[in-house]
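Given next are the chains, with one letter for each unit.
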Amino acid sequence: MSSNQNRTALIGKKLGMSQVWDENGFFVPVTLVDVATNVVTAVKSEDTDGYKAIQLGYGAIDPTKVTKPLAGHFAKAGVTPRRHLVEVRTEDADSYEPGQELAADTFKDGDRVDVTGTTKGKGFAGTIKRWGFKSYRRTHGSHKNERRPGSIGACATPSRVLKGKRMAGHMGHVTHTTQGLTVVSSDAENGVVAIKGAIPGPKGAIVLLRSAVKGA
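Fair warning: this is a prediction, and the values are worked out from it, not measured in the lab.

1. Details of the sheet that holds strand 12 (residues 206-211)
Taken in spatial order, the six strands line up as 1-2-11-10-7-12 and close into a barrel, and their pairing is antiparallel. Between one strand axis and the next, the sheet turns through 50° on average, direction left out of account. Note: strand 2 (residues 27-34) against strand 11 (residues 192-196), five bridges, orientation antiparallel. Following the sheet pairing, Val 33 is matched in strand 11 by Val 193.

2. Overview of the packing of aromatic side chains
Summed over all chains, the structure comprises one aromatic pair. Summarising the aromatic geometry, the rings of Trp 21 and Phe 27 are spaced 5.0 Å apart at their centres and angled 35° between planes, so their arrangement reads as tilted. Lying across the ring of Tyr 51, Arg 89 places its NZ or CZ 4.3 Å from the centre.

3. Details of a positive patch on the surface
Together, Lys 120, Lys 122, Lys 129 and Lys 203 make up a region of like positive charge exposed at the surface. Here Lys 203 shows up in the loop between strand 11 and strand 12.

4. With respect to a negative patch on the surface
Where like charges cluster on the molecular surface, the negative patch consists of Glu 46, Asp 47, Glu 91 and Asp 94. With respect to the helices and strands, Asp 47 occurs in helix 1 (residues 46-49). Given the relative accessible area of 77%, Asp 47 is considered exposed.

5. Thoughts on the domain arrangement of the protein chain
Segmenting the protein chain into domains produces domain 1 (9-122 + 177-211) and domain 2 (123-171). For domain 1 and domain 2, the distance between their C-alpha centroids amounts to 40 Å.

6. Regarding the nonpolar core
Val 33, Val 35, Leu 56, Val 113, Val 115, Ile 195 and Leu 209 are the most contacted members of the largest nonpolar core, which has 25 residues in total. Only strand 1 (9-21), strand 4 (53-60), strand 7 (112-118), strand 10 (175-187), strand 11 and strand 12 provide two or more residues apiece to this core. Excluding residues that lie within four positions of it along the chain, Ile 195 makes contacts with Pro 29, Val 30, Thr 31, Val 33, Val 113, Val 115, Leu 181, Thr 182, Val 184 and Leu 209.

7. Some points on the pairing of strand 3 (residues 38-44)
Summarising burial for strand 3: six of the seven residues are buried, a large majority. In this structure, strand 3 lies alongside strand 6 (residues 101-102), joined through two bridges in antiparallel fashion. In the strand pairing of strand 6, Val 39 is matched with Glu 101. Alignment of strand 3 against strand 4, held across five bridges, turns out to be antiparallel. Bridge pairing links Val 40 to Leu 56 in strand 4.

The rules we used
Residues numbered from 1 in each chain as written. Predicted model: local features only at pLDDT ≥ 70, side-chain atom pairs only at ≥ 80, totals over all residues. Heavy atoms only, no water. Pairing = 2+ DSSP bridges. Helix = DSSP H or I, 4+ residues; strand = E, 2+ residues; numbered from the N terminus. Axes fitted to C-alpha atoms, helices over the stretch in contact; angles between N-to-C directions. Phe/Tyr/Trp six-rings, centres within 6.5 Å; stacked < 30°, edge-to-face > 60°. Lys NZ or Arg CZ within 6 Å of the ring centre and 35° of its normal. Patch = residues over 30% accessible without salt bridge, like charges linked within 9 Å, V, L, I, M, F, W, Y side chains within 5 Å. Areas by Shrake-Rupley, 256 points an atom, 1.4 Å probe, with all protein chains shown as cover. Salt bridge = Lys/Arg side-chain N within 4 Å of Asp/Glu carboxyl O. Lys, Arg positive; Asp, Glu negative; His and termini not counted. Charge placed at Lys NZ, Arg CZ, Asp CG, Glu CD. Buried < 20%, exposed > 50% of the residue type's maximum accessible area, 1.4 Å probe, protein only. Domains from an automatic or database assignment. Core = buried A, V, L, I, M, F, W, Y, C linked by side-chain atoms within 4.5 Å. Contact = heavy atoms within 4.5 Å.

Structure below.
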């Protein structure tokens, strides 16, 4: 992420997928994201922190369930406690103020956004599912080799398995960013943003929407 750009951002919860019609009468798959209750909880500056950034809060939480330091942090910003906090670097951080609320119309129709979330966890997976390996033949005397990974390295040299070797293991549940998605609509009244295509994570996952770092 470049720190020399003005980037707007919102935290949201993935509601699921739906579809809308475009001006030509074709179906467009969209992902609905709830972005209500976004508020600026802190503003970082070059003078005090050495860099420019804003801290966003999303999602209400019982005030009795936050620590005293966090309670003081929210009180200083003049906002009620929030469940999720994310810091976003942006050059125009000084244009924000603590306690400022950000609505869904922060992103306009047609804006390009990068969406960051945690992908669905798939558990322990083999090489075919995890990396797309080709299966072995299932005839001509092959014996239980269909989904085996094959050789994982040489014997004497280098006498070990090199780091990064694609093997079976834990799949999914990693942070992933999908870039260059288009905002189809933003409903400020209901606090919902519709984004064209799919975004990382299952229903109910927390995601971060940021203005696209690459060109439109």
